[in-house]
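These are the residues of each chain, in order.
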Amino acid sequence: MSPYPRPPQSAFFGQKDFQQFRVITAMVEALDFPIEVIGCPTLRDPDGLAMSSRNQYLSEDERERALSISRALMAARNEVKSGVRQANRLIATMRGIVLDPGTLGRVPVSVDYVAAVDPLTLKPIDILEGPTVLAIAARVGRTRLIDNVIVQPEG
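Calculation rules
- Residues numbered from 1 in each chain as written.
- Predicted model: local features only at pLDDT ≥ 70, side-chain atom pairs only at ≥ 80, totals over all residues.
- Heavy atoms only, no water.
- Salt bridge = Lys/Arg side-chain N within 4 Å of Asp/Glu carboxyl O.
- Helix = DSSP H or I, 4+ residues; strand = E, 2+ residues; numbered from the N terminus.
- Expected span 1.5 Å × (residues − 1).
- Buried < 20%, exposed > 50% of the residue type's maximum accessible area, 1.4 Å probe, protein only.
- Contact = heavy atoms within 4.5 Å.
- Pairing = 2+ DSSP bridges.
- Axes fitted to C-alpha atoms, helices over the stretch in contact; angles between N-to-C directions.

**Q** Help me out: how do you make sense of the pattern of salt bridges in this one?
**A** Working definition: two side chains of opposite charge can pair if their charged atoms are close together. Inspection of every chain in the model, using the stated rule, returns seven salt bridges. Measuring nitrogen to oxygen at the nearest pair gives 2.9 Å for the salt bridge that ties Asp45 to Arg63. Of this pair, Asp45 sits in the loop between strand S2 (36-40) and helix H2 (60-81) while Arg63 sits in helix H2, and the two are 18 residues apart along the sequence. Among the salt bridges present, the one from Asp112 reaches Arg139, with a minimum N-O distance of 3.8 Å. Of this pair, Asp112 sits in strand S3 (residues 109-117) while Arg139 is found in strand S4 (residues 132-140), placing the two residues 27 residues apart along the sequence.

**Q** Just checking my understanding: could you explain H2 for this structure?
**A** Under the 1.5 Å per step criterion, the end-to-end length of H2 is 32 Å for 22 residues, consistent within 8% with the ideal 32 Å. Of all the residues in H2, the buried ones are Glu62, Arg65, Ala66, Leu67, Ser68, Ile69, Ser70, Ala72, Leu73, Ala76 and Val80. Buried residues along H2 sit in contact with helix H3 (87-99), S3, S4 and strand S5 (143-151). Downstream of H2 by a residue or two, Gly83 has a phi angle that is positive, lying close to 110 degrees.

**Q** Help me understand the sheet that holds S4, please; the structure alone is not making it clear to me.
**A** Remark on secondary structure: sheet strands pair via backbone hydrogen bonds, oriented parallel or antiparallel. Ordered in space as S3-S4-S5, the three strands form an open sheet in which the pairing is antiparallel. Because the sheet does not close on itself, it has two edges, and the strands there are S3 and S5. Geometrically, the sheet is characterised by an average inter-axis angle of 10 degrees between neighbouring strands, direction not taken into account. Bridge count between S3 and S4: eight bridges; the pairing is antiparallel. Paired with Val117 across the bridge in S4 is Val133. In this fold H2 packs onto S3, S4 and S5, with an angle of close to 160 degrees to the strand it touches most, S4.

The structure is reproduced here in structure tokens:
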């Protein structure tokens, strides 16, 4: 007998870890669980950095350098709004912004991945034809950070 009076009806997952959200959604669908999986928008600090418990490990300079991740995603989102549909162009923009040392070049940054993927299959895409997840995982100092945005080409 379950210690709960009734089984859960909804499960809420942040979209910041989009891969986790998608895997859980697929599992619920495949196993035909009677649970609605709801994606919650990524919460951001006023400066744009995605909220994460890992942010506490960042020094002041590392936090400033980590802002390049959200700035890269927003720049790519703006490129999509201006008509760019080639994933390789968006990826190059994002990678360039994340790796630009700026005035904090002494803070090490390494990119684990920069990707444009289909939101259902998580497979990389070449041309944006519908909703697309732009995702970045990078290490700033010793802290691994992830972030993403979902973009939709117009027209």
